[in-house]
Amino acid sequence: MHINYISEQNSILNHFLAQIRDVNIQKDSMRFRKNIERIGEIMAYELSKTLDYKNIDVQTPLGIKHTTTIAEPVVLCSILRAGLALHQGFMSFFDNAENGFVSAYRHHYDNDDKFEILVEYQAAPSFEGKNLILIDPMLATGQSLVAVLHKLHLEQKPKEIHIAVVIATPEGIEYLEKNVPENCHLWVAALDEKLNEHNYIVPGLGDAGDLAYGIKL
Ligand SMILES: O=P(O)(O)OC[C@H]1O[C@H](OP(=O)(O)OP(=O)(O)O)[C@H](O)[C@@H]1O
Ligand SMILES: O=c1cc[nH]c(=O)[nH]1
Ligand SMILES: [Mg+2]
């Protein structure tokens, strides 16, 4: 698995990352969603540089321009709920992509911190020969992304699989490295320190789904 860290160079991305983390700013859920969306746009642009392109001729009013366009179709597939705002950002740039949605949540059986990831819903197109971009802002333990990858119909072989996350932990990256296919590329906006005892990212930002869409029961 190849890993791309997109915030190594200082850019406006750092402002958006700082705002989604800041306890005094993140409570504004519209700004939170918008910042995640803007991060999605930046990630989409960076990722687009690594896709394959084919030559095309474009007829302008004055002549023909020889240029290039993305060779294989893109499928954007997001993990509900928190993936939705990031998905919107990717969709702004990959505007003719097909789209898939998968649910995943941590099911706690007792009151302790042990949980199992339940993947109950999916609606996704064929991935055969396409660039699959799997979208989820938080890579904590990595269990949600791996459970979703196993549930998706990957017997239809995507050309490449890109996993796009905003904040990742070293533990989550290590888990992905052991459990995802060879043709996976991981895109990370920020690498954080660690997981805490409740498997939340430290310093992280808190609960991305709740910040974007409200607290769930
Ligand atoms: O790497 P993991 O340990 O699996 O944790 C990360 C998962 O947690 C969040 O979803 P959450 O379960 O909070 O669902 P939500 O989006 O509905 O809030 C996040 O969006 C990931 O899907
Ligand atoms: O820190 C974390 C871990 C999982 N899900 C979140 O939204 N945040
Ligand atoms: Mg959540």
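Residues numbered from 1 in each chain as written. Chains lettered and ligands numbered in written order. Predicted model: local features only at pLDDT ≥ 70, side-chain atom pairs only at ≥ 80, totals over all residues. Heavy atoms only, no water.

Participant: Could you give an account of the UniProt feature "domain: Phosphoribosyltransferase" (unreviewed entry) in the protein, naming the residues involved and the relevant values?
Facilitator: In the numbering used here, UniProt assigns the "domain: Phosphoribosyltransferase" (unreviewed entry) feature to residues 9-214. A distance of 33 Å separates the end C-alpha atoms of residues 9-214, which is 32% helix and 32% strand. (UniProt positions renumbered as here; feature names shortened; annotations may be inferred. Helix = DSSP H or I, 4+ residues; strand = E, 2+ residues; numbered from the N terminus.)

Participant: Quick one: what's the story with unusual backbone geometry, residue by residue and with numbers?
Facilitator: Here the amide bond leading from Leu 80 into Arg 81 is cis, since omega sits at -5 degrees, within 30 degrees of zero. Secondary-structure assignment places Arg 81 in the loop between strand 4 (74-80) and helix 3 (83-93). Here Val 202 and Pro 203 are connected by a cis peptide whose omega angle stands at 0 degrees. Mapped onto the secondary structure, Pro 203 falls in the loop between strand 14 (201-202) and helix 6 (208-213).

Participant: I'd like a description of the pairing of strand 3 (residues 64-70), backed by residues and values.
Facilitator: Of the strand pairs in this sheet, strand 2 (residues 53-59) and strand 3 are connected by 7 bridges, and their pairing is antiparallel. The residue of strand 3 that forms the bridge with Asp 57 is His 66. The turn linking strand 2 back onto strand 3 is made up of 4 residues. (Pairing = 2+ DSSP bridges.)

Participant: How would you sum up the site of ligand 2? Please name residues and give values.
Facilitator: For ligand 2, the full set of nearby residues is Arg 106, Met 138, Ala 140, Asn 199, Tyr 200, Ile 201, Gly 206, Asp 207 and Ala 208. Ala 208 is positioned with one of its backbone polar atoms (N or O) 2.8 Å from an oxygen atom of ligand 2. Taking a 2 Å distance to the grid points as the criterion, the majority of the atoms of ligand 2 fall inside the largest pocket. Residue classes in the shell around ligand 2 are distributed as 5 nonpolar, 2 polar and 2 charged. (Near = heavy atom within 4 Å. Polar contact = N/O pair within 3.5 Å; in protein donor to acceptor, adjacent residues only side chain to side chain. 1 Å grid on protein atoms, 1.4 Å probe; cavity = no way out; pocket = protein on both sides within 12 Å on 5 of 7 lines; lining within 4 Å. Sits in = over half its atoms within 2 Å of the grid points. Nonpolar A, V, L, I, M, F, W, Y, C, P; charged D, E, K, R; others polar.)

Participant: Describe helix 4 (residues 143-151), and please don't skip the residues or the numbers.
Facilitator: Every buried residue of helix 4 is accounted for by Leu 145, Val 146, Val 148 and Leu 149. Buried residues in helix 4, looked at end-on, bunch into an arc of 165 degrees, giving them a common side. (Buried < 20%, exposed > 50% of the residue type's maximum accessible area, 1.4 Å probe, protein only. Arc of directions from axis to C-beta.)

Participant: Let's hear about the packing of helix 4 against helix 5 (residues 170-179): which residues, and what values?
Facilitator: Running from N to C, helix 4 and helix 5 point in directions that differ by 25 degrees, and their axes come no closer than 9 Å. Judged on the interaxial angle alone, helix 5 and helix 4 are roughly parallel. The hand of the helix 4/helix 5 crossing is right-handed. Facing Gln 143, Leu 145, Val 146 and His 150 of helix 4, the residues of helix 5 in contact are Tyr 175, Leu 176 and Asn 179. (Axes fitted to C-alpha atoms, helices over the stretch in contact; angles between N-to-C directions. Parallel < 35°, antiparallel > 145°, perpendicular 65-115°, else oblique. Left-handed = near helix turned anticlockwise from the far one by under 90°. Contact = heavy atoms within 4.5 Å.)

Participant: Describe the site of ligand 1, naming the residues involved and giving the relevant values.
Facilitator: In the neighbourhood of ligand 1, 16 residues make up the surrounding shell, with Arg 106, Asp 136, Thr 141, Gly 142 and Ser 144 lying closest. Between ligand 1 and the protein, one listed contact pairs an oxygen atom with a backbone N or O atom of Gly 142 at 2.8 Å. The fraction of the free accessible surface of ligand 1 (510 Å²) that becomes covered by protein chains is 93%. Taking a 2 Å distance to the grid points as the criterion, the majority of the atoms of ligand 1 fall inside the largest pocket. Listed by contribution, the elements that provide at least two residues to the shell around ligand 1 are strand 6 (105-108), strand 10 (138-139) and helix 4. (Areas by Shrake-Rupley, 256 points an atom, 1.4 Å probe, with all protein chains shown as cover.)

Participant: Kindly report on the pattern of salt bridges, identifying the contributing residues and their values.
Facilitator: In this structure the tally under the stated criterion is 9 salt bridges. Glu 37 is the partner of Lys 34 in a salt bridge, and the nearest nitrogen-oxygen pair spans 3.5 Å. Of this pair, Lys 34 and Glu 37 both sit in helix 2 (residues 29-48), 3 residues apart, roughly one helical turn. A relative accessible area of 40% means that Lys 34 is categorised as partly exposed. On the basis of relative accessibility, which here comes to 16%, the residue Glu 37 falls in the buried class. Its salt-bridge partner being Arg 81, residue Asp 210 comes within 2.7 Å of it at the nearest N-O pair. A residue pair is termed long-range when its members are at least 10 positions apart, and Asp 210 in helix 6 and Arg 81 in the loop between strand 4 and helix 3 qualify at 129 residues. Several salt bridges converge on common partners, so that one network encompasses Asp 52, Glu 72 and Lys 159. (Salt bridge = Lys/Arg side-chain N within 4 Å of Asp/Glu carboxyl O.)

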